[in-house]
Amino acid sequence: MRRVMDLQAHAPLADEALDALVTVLDEIRLGRSRSRSELVARTGLGRAIVAQRVGELVDRGLVTEGDVGPSTGGRPPRRLTFRADAGHVLVADLGATSIDVALTALDGRVLAHHDEPASIEAGPEAGLDRVDALFETLLRTTTGIPGRLWGVGIGVPGPVEFESGRPISPPIMPGWDGYPIRERFTERYGAPVWVDNDVNLLAMGEWRSGVAAGHDNVVVVKVGTGIGAGIISDGHIHRGAQGSAGDVGHIQVTEDPAVICRCGNIGCLEALAGGGALGRAGEAAALEGRSERLRLALHQGGSVSAQDVARAASFGDPAAVALLQSGGRRIGSMLASVVNFFNPSLVVIGGGVANSPDQFLASIREAVYRRSLPLATRDLLIQRSSLGGLAGVIGASSMVVDQLFARESIGRWIEAGDPGGSPTFSLGRAS
Ligand SMILES: [Zn+2]
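Notes on the structure in this doc start here. No experiment lies behind these values; they were computed from the predicted model shown.

**So, the overall build of the chain**
- Check the secondary structure of the chain and you find 16 helices and 14 strands.
- Dimensions of the chain, computed from C-alpha atoms along their principal axes, come out at roughly 85 × 50 × 35 Å.
- Counting only residues that meet the buried cut, the chain has 52% of its 431 residues in that class.
- Sequence separation of 24 or more characterises 62% of the internal contacts of the chain that already satisfy a separation of 6 or more.

**A word on the sheet that holds strand S4 (residues 98-105)**
- On the basis of which strands lie adjacent, the open sheet formed by five strands has the order S5-S4-S3-S6-S9 and mixed pairing. Either end of the sheet is taken by a strand with one partner, and the two such strands are strand S5 (110-117) and strand S9 (193-197). In this sheet, adjacent strand axes meet at a mean angle of 15 degrees when their direction is disregarded.
- Judged from the seven bridges that link them, strand S3 (residues 87-94) and S4 form a sheet pairing that is antiparallel. In the sheet register, Asp-93 faces S4, and the bridge partner there is Asp-100.
- Each of S3, S4, S5 and strand S6 (148-156) is contacted by helix H5 (residues 124-141), which is oriented at about 35 degrees to S4, the strand it contacts most.

**Description of the coordination of the zinc ion**
- Listed as protein donors to the zinc ion are His-250 (ND1), Cys-261 (SG), Cys-263 (SG) and Cys-268 (SG); their distances from the metal cover 2.0 to 2.3 Å.
- Here the zinc ion is ringed by four donor atoms whose angles at the metal span 105 to 121 degrees, and the overall shape comes out tetrahedral.
- Read in sequence order, the donor residues coordinating the zinc ion give the pattern H-x10-C-x1-C-x4-C. A residue pair is termed long-range when its members are at least 10 positions apart, and His-250 in the loop between strand S12 (236-237) and helix H8 (269-273) and Cys-268 in the loop between S12 and H8 qualify at 18 residues.
- For His-250, a relative accessible area of 24% puts it in the partly exposed group.

**Structural notes on the layout of surface pockets**
- The computed volume of the second largest pocket comes to approximately 720 Å³.
- Taken together, 26 residues form the lining of the second largest pocket, with Trp-207, Arg-208, Gly-235, His-236 and Asp-402 sitting closest to its centre.
- Elements with a contribution of two residues or more to the lining of the second largest pocket: helix H2 (15-29), helix H7 (198-209), S12, helix H15 (391-404) and helix H16 (407-413).
- Grouping the amino acids of the lining of the second largest pocket by side-chain chemistry returns ten nonpolar, six polar and ten charged.

**Notes on a positive patch on the surface**
- Together, Arg-329, Arg-330, Arg-370 and Arg-371 make up a region of like positive charge exposed at the surface.
- Mapped onto the positive patch, the elements with two or more residues apiece are helix H12 (318-342) and helix H13 (358-371).
- Relative to the helices and strands, Arg-329 is located in helix H12.
- A relative accessible area of 38% places Arg-329 in the partly exposed class.

**Section: the pairing of strand S13 (residues 346-350)**
- Within S13, five of the five residues are buried, leaving the element largely enclosed by the surrounding structure.
- Going residue by residue along S13, you find Leu-346, Val-348 and Gly-350 tucked away on one face and Val-347 and Ile-349 tucked away on the opposite face as well.
- Note: strand S10 (residues 218-223) against S13, five bridges, orientation parallel. The partner of Val-221 across the bridge, within S13, is Ile-349.

**Observations regarding the packing of aromatic side chains**
- Scanning the entire structure with this criterion turns up eight aromatic pairs.
- Three or more aromatic residues link up through ring pairs in this structure, and these residues are Phe-82, Trp-150, Phe-405 and Trp-413.
- Over the aromatic face of Phe-162 sits the side chain of Arg-239, whose NZ or CZ is 3.7 Å from the ring centroid.

**A look at the environment of Val-91**
- With respect to the secondary-structure elements, Val-91 resides in strand S3.
- Overall, the relative accessible area of 0% leaves Val-91 in the buried class.
- With twelve residues separating them along the chain, Val-91 and Leu-103 place their C-alpha atoms 6.5 Å apart.
- The contacts of Val-91, once residues within four sequence positions are left out, are Asp-100, Val-101, Ala-102, Thr-104, Phe-135, Gly-153, Val-393, Ala-396 and Ser-397.

**Here's the deal with the sheet that holds S10**
- Strand order in the open sheet formed by five strands is S12-S11-S10-S13-S14, and the pairing between neighbours is mixed. Two strands lie at the open edges of the sheet, namely S12 and strand S14 (381-384), each paired on one side alone.
- Bridge analysis of strand S11 (residues 227-233) against S12 gives two bridges, and the strand direction is antiparallel. When the bridges of S12 are listed, Ile-232 appears paired with Ile-237.
- Set on the sheet, H7 makes contact with S10, S11, S12 and S13; between it and S11 the angle comes to about 45 degrees.

**Here we look at H7**
- A rise of 1.5 Å per residue sets the reference length of H7, with its twelve residues, at 16 Å; its end C-alpha atoms lie 16 Å apart and thus fit the reference within 8%.
- Within the span of H7, buried status applies to Asp-198, Val-199, Asn-200, Leu-201, Leu-202, Ala-203, Met-204, Gly-205, Glu-206 and Trp-207.
- Of the residues flanking the start of H7, the one acting as N-cap is Asn-197, its side-chain oxygen 2.8 Å from the backbone nitrogen of Val-199.

**Regarding the packing of helix H10 (residues 292-301) against helix H11 (residues 306-314)**
- Closest axis-to-axis distance for the H10/H11 pair is 9 Å, and the angle between their directions is 145 degrees. Note that H10 runs across H11; the crossing there is right-handed. In this structure, H10 uses Arg-293, Leu-294 and Ala-297 to contact H11, whose residues at the interface are Asp-308, Val-309 and Ala-312.
- Here the residues of the contact of H10 with H11 are counted per class, giving four nonpolar, no polar and two charged.

**Brief notes about the pattern of salt bridges**
- Throughout the structure, instances matching the rule amount to 28 salt bridges.
- Between Asp-107 and Arg-109 there is a salt bridge, with the nearest N and O atoms lying 3.6 Å from each other.
- A relative accessible area of 39% means that Asp-107 is categorised as partly exposed.
- The partner of Arg-184 in a salt bridge is Asp-129, with the nearest N and O atoms 2.7 Å apart. With Arg-184 in helix H6 (residues 181-189) and Asp-129 in helix H5, the pair connects residues that are 55 residues apart, well separated along the chain.
- Through salt bridges with shared partners, a single ionic network connects Glu-125, Asp-129, Asp-132, Glu-136, Arg-184 and Arg-188.

Criteria and cut-off values
Residues numbered from 1 in each chain as written. Predicted model: local features only at pLDDT ≥ 70, side-chain atom pairs only at ≥ 80, totals over all residues. Heavy atoms only, no water. Helix = DSSP H or I, 4+ residues; strand = E, 2+ residues; numbered from the N terminus. Buried < 20%, exposed > 50% of the residue type's maximum accessible area, 1.4 Å probe, protein only. Contact = heavy atoms within 4.5 Å. Pairing = 2+ DSSP bridges. Axes fitted to C-alpha atoms, helices over the stretch in contact; angles between N-to-C directions. Donors = N, O, S within 2.8 Å, 3.2 Å for Na, K, Ca; no water. Tetrahedral: all angles 85-135°; square planar, octahedral: opposite > 155°, others 65-115°. 1 Å grid on protein atoms, 1.4 Å probe; cavity = no way out; pocket = protein on both sides within 12 Å on 5 of 7 lines; lining within 4 Å. Points joined across faces, edges and corners; volume = space filled by probe spheres on them. Nonpolar A, V, L, I, M, F, W, Y, C, P; charged D, E, K, R; others polar. Patch = residues over 30% accessible without salt bridge, like charges linked within 9 Å, V, L, I, M, F, W, Y side chains within 5 Å. Areas by Shrake-Rupley, 256 points an atom, 1.4 Å probe, with all protein chains shown as cover. Salt bridge = Lys/Arg side-chain N within 4 Å of Asp/Glu carboxyl O. Lys, Arg positive; Asp, Glu negative; His and termini not counted. Charge placed at Lys NZ, Arg CZ, Asp CG, Glu CD. Phe/Tyr/Trp six-rings, centres within 6.5 Å; stacked < 30°, edge-to-face > 60°. Lys NZ or Arg CZ within 6 Å of the ring centre and 35° of its normal. Expected span 1.5 Å × (residues − 1). Polar contact = N/O pair within 3.5 Å; in protein donor to acceptor, adjacent residues only side chain to side chain. Left-handed = near helix turned anticlockwise from the far one by under 90°.

This is the structure in structure tokens:
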């Protein structure tokens, strides 16, 4: 019996077997099913098929059979667990003004993390050289790194064509347009690489490990230097036809020709309510003598940032509070349209500006509830991001592992044992 199982395990998998394998693995990996009987009940697959596929996953080292779980009568079930330490993932989340790198297990658990200030405007060579150096440090200084490198995930603060892994006309990333990020890392690390925009990674992180876990329809808004949204639709991340879905920061909200956006258009939401705009408005308040705290910040730092405005507001500075409220209302009005259009069960507010005092979130909430349809807001939750600075790297790791185990990818490497060791594994989106 054992021999037959082994032979099956090493023969190329038929399409149908692969479908069932992916279904069973996803159930176990995402914590939805913990035993064979739960798998049968949840997937609708037959008992014999489930037993075969579980056996195969155990043979391939992707699943372990743990202790005997609590019995509900009859033979006690054996608990099935995804082997998150079968390999590791390297990720980097490049923001407008920062780099975050991490080494994670296959379940997104962060084993080592480092962040530092960096300007994306320094260009791809400087930025990615630094990522390489930081990856090397992580690999050198982390003890007990699990398995081999299975994949690399990179996030950048601009639109990315997900299929090719290249930024396309990113407004705040001079020199990055069309840059072959994937090819660069594949060559160096010999493992599959995926690139996505920072907002989608934030959404993935909150969805897999944060406040959005368990929700199938979610909008995650990142209010940092710019404004963008990541969308979870029906239990999948929605990137759109080219990968630019959720670019809500460039929705036009005014026809005032004085509001010029860095994208080149007039009247974008980002140009009125993004972190950059908040800092500029704070500086104007300082110069016009409307805020003593902001005047001090300007005097000490030479400029006023969104963080300065948030800090002043937390001390009750009336001008700073008014700026946050007005930004929150603008974002809330835009979100009301998104809520009416998309009907999410949860809206998550993340990014640097989201760490502002409560007045910011309160203004967003008020505008959304006032301007959305009653049915769309009946059970709607609006919450702050819960993973803080780690959301991006956790999301990047989840993105990589999802792509590796996607139905269209797994067949290309599973015979080889792991994706890092498979020369035939062709890169790119599982098409
Ligand atoms: Zn714009």
